[in-house]
Amino acid sequence: MEMAYVNVAEWTPEHVAEWLRGLEYSLVPYVQFFLNNKIDGCHLLNLTADDLEDLHIFKIGHQLLILEAVELLRQLHYSLNSETLQSLAVKLGCKARSLYNDLKLNGPQDHLESMKQERISTSVLSAVSEILTSVKALVSWLDRLPFLHDSLCLKLKKTVLKLSIELASTTQRDQFAEKPHSLIKRNIKFKELPFRINSTWMMDPCISSEVL
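Predicted, not measured: the structure shown is a model, and the values here were computed from it.

Visitor: Report on the overall build of the protein, specifying residues and quantitative values.
Guide: Helix and strand content of the protein: 12 helices and 0 strands. As displayed, the protein has an accessible area near 12,700 Å², and 57% of this comes from carbon and sulfur atoms.

Next up, the structure:
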C-alpha cells in the first residue's frame, strides 16, 4: 500500500518514518527515535512540542520544522475526511448556478439595454474565479485512487476541464465584447453536474460517503 493513498490516521510507524525522512535531511537522525517509540499516524496527528522532547528532539528549529509539517498533515487529513466527490460537485454546481441566476437577474432586461457596451463586473470575475477554484478541487479528487482509472471518472474529468477552459476563455475573451455577461451565462455549464454525479454514482460509497 503506497503511503500517498493511505489515510494519515492509518499510517504505520514505518509510514511515519518514511514521511520524516522526506521532510529534511537534518531530521533523519530522529527517525529511529520515532520507530523505537512506535509513533504511528494517530500519534503523529496529535504530536506536541513536549512529545518531541520525549523523542530527543531538543533543537527549536527542528521542532518547528516537524510541527509545521504535522499541521499541514492535519489540514490534509481533516479535509479528506470532510469532503467527498459528491460534496465537491455540489459546491461547484451551487457556485455555477448562483452566478447563472445572478447574471439572469441582473443582466440586460430589454433589447435596447442589451445593445449597450458592457463591462464585466468585479463580482462576476470573482465568481468565475471561485468556480474555477472549485473545479481544481474536484479534479484533484478525480486524480486520486480509486477514481484515477475509472472510465466514468475519466470522462467526467475531461468534461469538467473542457467546460472550465471554455468558461475561462469566454471570460477573458469577452471583456471587450458587446454582451460579455450573456456569453458567460451561456458558458456556465456546471449547474447540472451534481445531478449527473448523483444519478451515475449515487450508490458508490467512495462517491457519496466520507473517506474513512
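Text resumes after the structure shown.
Visitor: A description of the confidence of the model for the protein should follow, citing residues and the corresponding values.
Guide: With 74% of its residues at a pLDDT of 70 or more, the protein shows a mean pLDDT of 77. Element-level pLDDT for the protein is lowest in helix α12 (residues 205–208), with a mean of 42, against a maximum mean of 96 in helix α2 (residues 31–36). In this model residues 110–115 is a low-confidence stretch, pLDDT under 50, and it forms 3 contacts with partners more than four residues away in sequence or in other chains.

Visitor: Could you give me a rundown of the nonpolar core, with the residues and numbers involved?
Guide: Leu99, Ile131, Leu138, Ile184 and Phe190 are the most contacted members of the largest nonpolar core, which totals 26 residues. When residues of this core are traced back to their parent elements, those giving at least two are α6 (85–106), α8 (122–142) and α9 (151–173). In terms of residue count, the dominant contributor to this core is α8 (9 residues). With near-sequence residues (within four places) excluded, Ile131 lies in contact with Leu92, Lys95, Ala96, Leu99, Leu167 and Phe190. Listed in part, the 21 residues of the second largest apolar core include Trp11, Leu44, Leu55 and Ile66.

Visitor: Outline the pattern of salt bridges, supporting the account with residue identities and numerical values.
Guide: Per the stated rule, a full pass over the model turns up 4 salt bridges. Taking the shortest distance from any N to any O, the salt bridge between Asp143 and Lys157 comes out at 2.5 Å. One end of the pair, Asp143, is in the loop between α8 and α9; the other, Lys157, is in helix α9, with 14 residues separating them in the sequence. Notably, a salt bridge pairs Lys162 with Glu166, separated by 2.7 Å at the nearest N-O pair. Of this pair, Lys162 and Glu166 both sit in helix α9, 4 residues apart, roughly one helical turn.

Visitor: Let's hear about the environment of Ala49: which residues, and what values?
Guide: With respect to the secondary-structure elements, Ala49 resides in helix α4 (residues 49–54). Residue Ala49 is classed as partly exposed on the basis of its relative accessible area of 32%. Note: C-alpha distance between Ala49 and Leu64 (15 residues apart in sequence) is 8.5 Å. Residues contacting Ala49, with those up to four places away along its chain left out, are Gln63 and Leu67.

Visitor: Describe unusual backbone geometry, and please don't skip the residues or the numbers.
Guide: Within the chain, Lys38 stands out as a residue other than glycine whose phi angle is a positive 55°. In this structure Lys38 comes out as exposed when scored by relative accessible area, which is 57%. Positioned with a positive phi, His56 is a non-glycine residue whose angle comes to about 70°. As for its position among the elements, His56 is in the loop between α4 and α5 (60–82).

Visitor: Requested: an account of the side chain of Ser164, with residues and values cited.
Guide: Examined against the element boundaries, Ser164 turns out to sit in helix α9. On the accessibility criterion, Ser164 (9% relative accessible area) is buried. Those residues in contact with Ser164 that sit more than four places away from it in its chain are Leu132, Val135 and Phe190.

Visitor: Break down the side chain of Ser134 for me, with residues and values.
Guide: Among the structural elements, Ser134 can be located in helix α8. If we skip the residues at most four places from it in the chain, Ser134 touches Leu92 and Lys95.

Visitor: Provide a residue-level description of the environment of Thr170, including the pertinent values.
Guide: The topology assignment puts Thr170 in helix α9. When neighbours within four sequence positions are excluded, Thr170 is seen to be in contact with Leu183, Ile184 and Asn187.

Visitor: Give me the packing of α6 against α8: which residues, what numbers.
Guide: Relative orientation of the contacting elements α6 and α8 amounts to 160°, with a least axis distance of 9 Å. Relative to α8, the element α6 lies roughly antiparallel. Of the two elements, α6 crosses α8, and the hand of that crossing is left-handed. Packed against α6, whose contacting residues are Leu85, Leu88, Ala89, Leu92, Lys95, Ala96, Leu99 and Leu103, the element α8 presents Val124, Ala127, Val128, Glu130, Ile131, Ser134, Val135, Ala137, Leu138, Trp141 and Leu142 at the interface. Of the residues that constitute the contact of α6 with α8, the class distribution is 16 nonpolar, 1 polar and 2 charged.

How each quantity is defined
- Residues numbered from 1 in each chain as written.
- Predicted model: local features only at pLDDT ≥ 70, side-chain atom pairs only at ≥ 80, totals over all residues.
- Heavy atoms only, no water.
- Helix = DSSP H or I, 4+ residues; strand = E, 2+ residues; numbered from the N terminus.
- Areas by Shrake-Rupley, 256 points an atom, 1.4 Å probe, with all protein chains shown as cover.
- pLDDT = per-residue confidence, 0-100.
- Contact = heavy atoms within 4.5 Å.
- Core = buried A, V, L, I, M, F, W, Y, C linked by side-chain atoms within 4.5 Å.
- Buried < 20%, exposed > 50% of the residue type's maximum accessible area, 1.4 Å probe, protein only.
- Salt bridge = Lys/Arg side-chain N within 4 Å of Asp/Glu carboxyl O.
- Axes fitted to C-alpha atoms, helices over the stretch in contact; angles between N-to-C directions.
- Parallel < 35°, antiparallel > 145°, perpendicular 65-115°, else oblique.
- Left-handed = near helix turned anticlockwise from the far one by under 90°.
- Nonpolar A, V, L, I, M, F, W, Y, C, P; charged D, E, K, R; others polar.

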